[in-house]
Amino acid sequence: MSRLLANISRIASISLRAGRLQISAENNILRSISTSPRLDVKFYDSAVDAVKDVHDEATLVVGGFGLCGIPENLIDGVLANGPKRLTVISNNAGIDGFGLGKLLNSKQVKRMIASYVGENAEFERQYLSGELEVELTPQGTLAERVRAGGAGVPAFFTATGYGTLIHEGGAPIRYHSDGTVDIASEPREERIFNGRHYIMETALTGNFSLIKGWKADRAGNVTFRKTARNFNVPMAKAGQTCIVEVEEIVETGTIPPEDVHLPSIYVQRIVKGEKYEKRIERLTLQKPKATEGGSESPAQVLRNRIIKRAAVEFRDGMYANLGIGMPMLASNYIPPGMKVHLQSENGILGLGGYPTKENVDPDLINAGKETVTVVPGAAYFASDESFAMIRGGHVELSILGAMQVSKYGDLANWMIPGVLVKGMGGAMDLVASYGTKVVITMEHTAKGGKPKILNKCSLPLTGKQCVDMIITEKCVFDVDHEKGLTLVEIADGVSVQDVIETTKCEFQVSPDLKPMQQIAE
């Protein structure tokens, strides 16, 4: 070290301050090199002690997806210690009375930054009543904002959200008690790169990361299990102090280096969780063969017509992402011998069917929080990696549901202001991806016969000019983002006049109008 300093001193003045070597070179550039060794990770006996210094008005960056991979014990520790007015950055907020839902119930949270409200009724109630500030953020944008924060990147541009409230501003963050908007989101900066529109998003960081791992070694390396990796990896890197709870602590060297998902450099504290409930939000099982193919209600017949038509869009070897509900059911009709690689936003490539009761695994769910299996050759990864696949155009087909679709392919499917707020989840990212075919499956009209295919969407947009095809129980429309809709297929027993009367915009009728296709069973 002394020889190094002697050589440097020929061209620079040197001082040692607060454990950092400062070198002032002749061109007046000041550089700092750390000379203090980083403190080793600290192990705690209890989650309550591990989060003891979480203070009022702290920002918490919390891993998990639904109830999968959530830091149950650390959340309970924050609940017990009682800090108030917290800002929580997490994909969602658990469910009523469990996970982050506990902190909502205790009124410890001032603001949530999340992508999805889901089925948490208390979350939705507090938001709509003005008790809770909520910054809803597209799921992929959330993952990237957190990843950027952990990587020291202050901002980035993305196509996700262009033309929506995310871009234009005005999304409600806090309501008055009378339902009017108190705080609204600010507009995003817009730029054009290579002819495409992008908006700027800023990075997210926090005071503390609360993370759920599977195993940690004594060096502080962490590994995760199956889809419990999800948001945990990027969230871990975005906190000033990263606190990880694990199911097992092993000796250094037990975890092979190639299996370390979170290196020790990101981890400051580790605690072995006292107990884990590992609740399953949507236990979904494989149907016994004996119950399949029974009599169907008229509504089921119409829904299956949509699902079977959607399955026609599959191609051998393609990569596809299927939304919750009817889109996911299309996977049941992939033809024998055809290989379709199903991607799920929470970190699966190679999604399989639902499990039997004996094979249920709470660490293995899909983006709809349903229990699932994977196929041979599948891969697990974190949420930021998942949305890199989506934003990068590597997913060829996305099938989603909708509340409304416009004549030129605008999509609305995530909120009814002041009434229903589920959040956009990953939909905004899926429809913004260049080169991904976006297919909408939905009933042709809403309850009471209210049209859903319109000249212009009246609900907040998920994406602008992003839909390529609409499949309903009545027909199939191709969508041209400049010329509008063309009726290309029509269901048996449905007339063109019927489609005209239930569609609230003009459309062209293909001269080669065909009967509605159905995948062969």
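Anyway, here's the lowdown on the structure attached to this text. (Residues numbered from 1 in each chain as written. Predicted model: local features only at pLDDT ≥ 70, side-chain atom pairs only at ≥ 80, totals over all residues. Heavy atoms only, no water.)

Take the overall build of the protein chain next. A tally of regular secondary structure across the protein chain gives 13 helices and 34 strands. The globule rule puts the C-alpha radius of gyration for 521 residues at 24 Å, and the 25 Å found for the protein chain is close to it. Burial analysis of the protein chain (521 residues in total) assigns 51% to the buried set. Restricting to contacts in the protein chain with at least 6 residues of sequence separation, those with at least 24 account for 69%. Accessible surface, the protein chain as shown: approximately 23500 Å² in total, 50% of it carbon and sulfur. Here the protein chain contributes 57 positive and 61 negative side-chain charges, whose respective centroids are spaced 3 Å apart. (Helix = DSSP H or I, 4+ residues; strand = E, 2+ residues; numbered from the N terminus. Rg over C-alpha atoms; globule rule 2.2 N^0.38 Å. Buried < 20%, exposed > 50% of the residue type's maximum accessible area, 1.4 Å probe, protein only. Contact = heavy atoms within 4.5 Å. Areas by Shrake-Rupley, 256 points an atom, 1.4 Å probe, with all protein chains shown as cover. Lys, Arg positive; Asp, Glu negative; His and termini not counted. Charge placed at Lys NZ, Arg CZ, Asp CG, Glu CD.)

On to the layout of surface pockets. Of the voids in this model, the second largest pocket is the one considered here, and its volume is about 1200 Å³. Ranked by residues supplied to the lining of the second largest pocket, first place goes to helix α10 (residues 326-329) with four residues. (1 Å grid on protein atoms, 1.4 Å probe; cavity = no way out; pocket = protein on both sides within 12 Å on 5 of 7 lines; lining within 4 Å. Points joined across faces, edges and corners; volume = space filled by probe spheres on them.)

Let us look at the state of the cysteines. Under the defined criterion, the tally for this structure stands at zero disulfides. Not engaged in a disulfide, the cysteine cysteine 68 finds its nearest cysteine sulfur in cysteine 242; these two sulfurs lie 18 Å apart. A relative accessible area of 3% places cysteine 68 in the buried class. (Disulfide = S-S within 2.5 Å.)

Take threonine 373: it is sitting in the loop between β22 (348-351) and β23 (374-380). Residue threonine 373 is classed as partly exposed on the basis of its relative accessible area of 25%. When the C-alpha positions of threonine 373 and glycine 352 are compared, they lie 4.8 Å apart, and in sequence the two are 21 residues distant. Every residue in contact with threonine 373, bar those within four places of it in the chain, is listed here: Leu351, Gly352, Gly353, Tyr354, Pro355 and Leu364. Separated by 2.8 Å, the side chain of threonine 373 and the backbone oxygen of glycine 353 make a polar contact. (Polar contact = N/O pair within 3.5 Å; in protein donor to acceptor, adjacent residues only side chain to side chain.)

Here we take up empty space enclosed by the protein. Evaluated as defined, the whole model comprises three cavities of 30 Å³ or more. There is about 70 Å³ of room inside the largest cavity. Leu67, Cys68, Gly69, Ile70, Glu72, Lys212, Ala228, Lys278, Arg279, Pro362 and Asp363 together form the lining of the largest cavity. Of the residues belonging to the lining of the largest cavity, the class tally is five nonpolar, one polar and five charged. (Nonpolar A, V, L, I, M, F, W, Y, C, P; charged D, E, K, R; others polar.)

With that out of the way, let us pick up the sheet that holds strand β12 (residues 190-193). Across a sheet, paired strands are connected by hydrogen bonds in the backbone, their directions being either parallel or antiparallel. The three strands are arranged β9-β13-β12 in an open sheet whose pairing can be described as antiparallel. Either end of the sheet is taken by a strand with one partner, and the two such strands are β9 (155-158) and β12. Between one strand axis and the next, the sheet turns by 40 degrees as a mean value, whatever way the strands run. Bridge analysis of β9 against strand β13 (residues 196-202) gives four bridges, and the strand direction is antiparallel. If you follow threonine 158 over to β13, its bridge partner there is isoleucine 199. Across the sheet, helix α6 (residues 139-151) touches β9 and β13, and the angle it forms with β9 is around 155 degrees. (Pairing = 2+ DSSP bridges. Axes fitted to C-alpha atoms, helices over the stretch in contact; angles between N-to-C directions.)

Take the pattern of salt bridges next. A complete count under the given rule lists 28 salt bridges for this structure. With a closest N to O distance of 2.6 Å, aspartate 182 and arginine 174 form a salt bridge. When salt bridges with common partners are traced through the structure, they connect Lys212, Arg225, Lys226, Glu247, Lys278, Asp361 and Asp363 into a single cluster. (Salt bridge = Lys/Arg side-chain N within 4 Å of Asp/Glu carboxyl O.)

Limitation: the analysis is restricted to geometry and does not speak to function.
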